[in-house]
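Inside the fold
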Amino acid sequence: MKKYVFLLFTVLLLISLALMSCTPSAPSEVKPEAEQAEDGSNDVVETVSSQIELIYWQVDFQGYDLGIQAAIDLFQAENPDIKVTAVPISYDEINQKIAVSVPVGEGPDIVQPFYGWVPLWQKSGFLAPLPESLFPKEEVLDTYMPVVNAMFIDDQLWGLPFNQSNWAILYNKDMFEEAGITKLPENFEELRQAAVACTKRADDGTLEVAGYYVEFGTQEHILWKVLTRKNGQEIFSEDQRTVTWNDSDIGAKSFKWLTDLVTVDKVMDIGFGEGPGSAFMTEKACMRLGSPGNLPVIRETNPDLNFGSFPFPKGLADDPNIANLNQSQYWSMNLTSKAVKDPKRAEAAYKFMRFIMRPEVALEMIKAGYGGLPAHKALMDDPYFTEDAELAAFMVSLPYSDPLFWVDEMGERNISMEMGDRVILNGEDPFEVFDWGTIQEQNLRDEFFNN
Amino acid sequence: MDETILTAALNSKIIFILVGFFSIIVIAFVTERFIAPKLRLRHRENLYGYIFIAIPAIYFLVVLILPMIASFQYSFQKYNILSSEKPFNGFDNYRYLLNSEVFGKAIVNSFKFALFRVPLVISLSLITALMFQRIKRYKNLLRTLMLLPFMTSSVALGWIFNYLYSREGAIFEVLKNLGIPETKALLTLNVKTALYAIAFVSAWSSIGYYTLLFTVGLDAIPEEIYDAAKVDGASRWQIFSKITWPLLNPSLVLISIMAVTASLKNFDLIRVMSGSNGTGGPMNSTLTMPLFIYMEAFTRLNMGRAAASTVVFFLIILVITLVQLKVTQRDIQY
């Protein structure tokens, strides 16, 4: 019998230890610092030395850890009583991590979402607004370029940008020369002609070089919307509730321009290359839609690639401010509602956000690893941006760069991708598909605003 | 003692471990000292049996049953995962699913996936298992090799086949050389073939596992019955149809239920191989129920609707399993 009892003890002990180690931490638990930094799942706590610790969740992309650490180091030097711990979260996992942490009262104090996710996160109650007393609207608008507009929801400020990204066209100089293109495209018709001239096919018709890489899974799902705006048709009503891209035929034609590149002009074949980045770097694509963040990657991965960039072409609208419009996008910095529950912690979090508002801090973050373009007006003429030949093409349209308002970024992206697939893969009529997409988009907006 | 340190200690994981550990000691001590001596030997042994069973039973209850009950509850709530509020919203989530074209497509796709995969995997596994019965040498080596795809991570398999199906891949090359137009030869980018291309990979990777299960079933059939049939002059087909097939029924029931549920629940391979960045593309042609539930929960953040979809999905699998049991289970004896 004693043997059984011993066995029973051992088994129960092992199982209980295993189960206990899986038990989520209590919301106000204090862990050793090293453990907190490693898993990031811990609550924000006041540590034994009364130092406030803020947990910062950021999407884990190359260099982003260095970018935020640069800001944290500067901040902590000025505020030794506040500790900020950056926790990298993979892009695919961020929603799961939040889903697991929020119900048990854990999760970050500061979070770095794609700006397009902010409306949905704000509506869910996950984010906290930045108080007008500490972040006066006038000062915020004076500090930042129009990119900050997307952070104002219901006239309240919900976050801050620290950099931004827009579009320019990246092109292969050797291929342009070979195709006899001497003038860089300035409008979308010239872009189309250059793409056709640059496209190379083997004798049996197999595509060897895509004139312009079209991929609805990446930026092209937004491109036709921006093109619609540049051509003179706003895509949503001022209150963002109603789809207006079908108020004239400009929207449908802009969408068709993009799908025609594949179905009519044949500058690209479906499934060609392994995405725009890889295709451009391996010289399988003559042109691609580029972001400033692509530049360091290309320079590092394929330093011998003879490439250049030219500004995002003009649209057909009469007003140059509209014809020159560009899409601006960024990862914003936002406080969570959990961060502001405790006044002391809230104070620390606000202090960090105020610190991020300084242009010199944002510049350090960009230089250290975030890359991209400045979001601060004061940095517009900084030599770091103006003296870079490839970056200059992006800087040209920065004053016209304006973020779209997303009610459900992932849902809207899926609709746009399906629109592309319907035309390019399934051979459906682009105008009919455009009408289908309009209904789907309106449904999403109705659901967001009415539900 | 510093209050903060005390709070930290009380809140730490160590306290849970210690409480768990001491609880177990107390339960065991009370059982051994006070309860067990009062019981007869047989009951005393039973008591320990119950305690042992209680451990997995509690685990099963906590990890499986409670979340299932919670899912039922969430399915009647407006539950966004970022929000702490979960107001009751009646049948709204179910109403949404009923009117959702995409949800309907996900159900149909799940059935298409299962209908393609299950017969394929069962027939090929059975044929392979029957062939193994005739092999005398290197049998174990071959069985191990057959199991390799099953033991390989689905994610890795998905990436390998993504490459094979791509323009640079061998499958595309072969189809193109057979004169199939490029747009149709790119199987995972074709709306009509994408789902089946993934189902094929799923079936192929499971053949080794189901072969093993069939082999166990075949080995359980007594050799004397075959000998008697041979003496009676039965043909190979007669032996298979009158002896092997009927006596394999218990294995077949188990394997068919496992294959159907595995097909309906398949997620990782579909997530890796489906188009439009793993969201069920092209044009939702590879969107199955598990992927729909995942997308609803973690990309649209709507846990209420995801829970309602889970309940519907659970009921579908339950009904199918019961029907399968009813139809396939037969008691055969010779």
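Reading guide: rules and limits
Residues numbered from 1 in each chain as written. Chains lettered and ligands numbered in written order. Predicted model: local features only at pLDDT ≥ 70, side-chain atom pairs only at ≥ 80, totals over all residues. Heavy atoms only, no water. Helix = DSSP H or I, 4+ residues; strand = E, 2+ residues; numbered from the N terminus. Rg over C-alpha atoms; globule rule 2.2 N^0.38 Å. Buried < 20%, exposed > 50% of the residue type's maximum accessible area, 1.4 Å probe, protein only. Contact = heavy atoms within 4.5 Å. Areas by Shrake-Rupley, 256 points an atom, 1.4 Å probe, with all protein chains shown as cover. Lys, Arg positive; Asp, Glu negative; His and termini not counted. Charge placed at Lys NZ, Arg CZ, Asp CG, Glu CD. Disulfide = S-S within 2.5 Å. pLDDT = per-residue confidence, 0-100. Axes fitted to C-alpha atoms, helices over the stretch in contact; angles between N-to-C directions. Parallel < 35°, antiparallel > 145°, perpendicular 65-115°, else oblique. Left-handed = near helix turned anticlockwise from the far one by under 90°. Nonpolar A, V, L, I, M, F, W, Y, C, P; charged D, E, K, R; others polar. Phe/Tyr/Trp six-rings, centres within 6.5 Å; stacked < 30°, edge-to-face > 60°. Lys NZ or Arg CZ within 6 Å of the ring centre and 35° of its normal. Pairing = 2+ DSSP bridges. Salt bridge = Lys/Arg side-chain N within 4 Å of Asp/Glu carboxyl O. Right-handed = clockwise from strand over helix to strand, strands pointing away. Patch = residues over 30% accessible without salt bridge, like charges linked within 9 Å, V, L, I, M, F, W, Y side chains within 5 Å.

1. Here we look at the overall build of chain B
The helix and strand inventory of chain B stands at 17 helices and zero strands. The C-alpha radius of gyration computed for chain B amounts to 26 Å, which surpasses the reference 20 Å derived for 334 residues by more than 25%, pointing to a less compact arrangement than a globule. Taken along the three principal axes of its C-alpha coordinates, chain B extends 80 × 55 × 40 Å. Expressed as a percentage of the 334 residues in chain B, the buried residues total 43%. Contacts spanning at least 24 positions in sequence make up 66% of the contacts within chain B whose residues lie at least 6 apart. In the structure as shown, chain B presents an accessible area of about 18700 Å², 69% of it carried by carbon and sulfur atoms. The positive charge centre, built from 30 side chains, and the negative charge centre, built from 18, are 5 Å apart in chain B.

2. Remarks on the state of the cysteines
All names here are of chain A. Tallying each qualifying case throughout the model produces one disulfide over all chains. Through a disulfide, C198 is tied to C286; the S-S separation comes to 2.0 Å. Taking the sign of the S-S torsion, about 40° here, the bridge from C198 to C286 comes out right-handed. Here C198 is found in helix α8 (residues 188-198), whereas its partner C286 is found in the loop between α11 (276-281) and β12 (287-290), with 88 residues between them in sequence. With respect to class, C198 is no different from C286; both count as buried.

3. A few points about the confidence of the model for chain A
With 89% of its residues at a pLDDT of 70 or more, chain A has an overall mean of 87. This model gives residues 20-48 of chain A a pLDDT under 50, and the stretch forms 66 contacts once residues within four places in sequence are excluded.

4. Section: the packing of helix α3 (residues 41-74) of chain B against helix α17 (residues 303-328) of chain B
All names here are of chain B. Running from amino to carboxyl end, α3 crosses α17 at an angle of 120°, the nearest separation of the two axes being 8 Å. Considering the angle they form, α3 stands oblique to α17. For the pair α3 and α17, the crossing hand works out as left-handed. Between α3, through M68, S71, F72 and Y74, and α17, the contact on the second element is made entirely by G304, A307, V311 and F314. Considering only residue class, the contact of α3 with α17 consists of six nonpolar, two polar and no charged.

5. Focus: the packing of aromatic side chains
All told, the structure shown has 49 aromatic pairs over all chains when counted by the stated rule. Between the aromatic rings of F188 of chain A and W257 of chain A, the centroid separation amounts to 5.3 Å while the plane-to-plane angle is 90°, which identifies the pairing as edge-to-face. With F188 of chain A in helix α8 and W257 of chain A in helix α10 (residues 250-263), this pair connects stretches of sequence that are 69 residues apart. As far as the burial class goes, F188 of chain A and W257 of chain A line up, both buried. Through a chain of ring-to-ring contacts, three or more aromatic side chains come together here, namely F61, Y64, Y91, F114, Y115, W117, W121, F126, F162, Y330, W331 and Y370 of chain A. The ring of F236 of chain A has R445 of chain A sitting right over it, with the charged end atom 3.4 Å from the ring centre. The aromatic ring of F132 of chain B is capped on one face by R143 of chain B, whose charged end is 6.0 Å from the ring centroid.

6. Some remarks on the side chain of D408 of chain A
Positionally, D408 of chain A belongs in the loop between β17 (401-402) and α18 (409-424). Note on D408 of chain A: relative accessible area 7%, which makes it buried. Leave out the neighbours within four places in its chain, and D408 of chain A touches L120 and L444 of chain A together with R300 of chain B.

7. Points about the packing of helix α7 (residues 154-165) of chain B against helix α8 (residues 170-177) of chain B
All names here are of chain B. Running from N to C, α7 and α8 cross one another at 30°; their axes reach a closest spacing of 4 Å. One finds that α7 runs roughly parallel with respect to α8. Seen from α7, the contacting residues are F161, L164 and Y165; seen from α8, they are A170, I171 and F172. Taken together, the residues of the contact of α7 with α8 break down into six nonpolar, no polar and no charged.

8. Some thoughts on the sheet that holds strand β13 (residues 307-311) of chain A
Residue and element names in this part refer to chain A. On the basis of which strands lie adjacent, the open sheet formed by three strands has the order β12-β9-β13 and antiparallel pairing. The open sheet is flanked by β12 and β13, the only strands paired with a single partner. Strand-to-strand, the axes of this sheet are offset by a mean angle of 30°, without reference to chain direction.

9. Observations regarding the pattern of salt bridges
All names here are of chain A. Enumeration according to the criterion identifies 29 salt bridges over all chains in this entry. Measuring nitrogen to oxygen at the nearest pair gives 2.8 Å for the salt bridge that ties E412 to R445. Residue E412 is located in helix α18, and its partner R445 is located in helix α19 (residues 430-450); the two are separated by 33 residues in the primary sequence. What makes E412 buried here is its relative accessible area of 1%.

10. What about the pairing of strand β1 (residues 52-59) of chain A?
All names here are of chain A. With eight of its eight residues buried, β1 lies for the most part within the structure. In β1, alternate side chains face the same way, and those of I52, L54, Y56 and Q58 on one face and E53, I55, W57 and V59 on the other are all buried. As defined by bridge partners, β1 adjoins strand β2 (residues 82-89) across eight bridges and the pair is classed as parallel. Directly across from Q58, in β2, lies its bridge partner P88. On the question of chirality, the crossover connecting β1 to the parallel β2 by way of helix α3 (residues 64-78) is right-handed.

11. Quick word on a positive patch on the surface
Residue and element names in this part refer to chain B. The grouping of R134, K136, K230 and R236 at the surface amounts to a positive patch. Summarising the element assignment, R236 is placed in helix α12 (residues 236-247). Since its relative accessible area comes to 64%, R236 is described here as exposed.

12. Notes on the pairing of β12 of chain A
Two faces, one strand: in a regular strand the side chains alternate between the faces of the sheet. Residues and elements named next belong to chain A. Both faces of β12 are covered, namely the face carrying M287 and L289 and the face carrying R288 and G290. Note: strand β9 (residues 168-172) against β12, four bridges, orientation antiparallel. Note on β12: the bridge partner recorded for A168 is G290.

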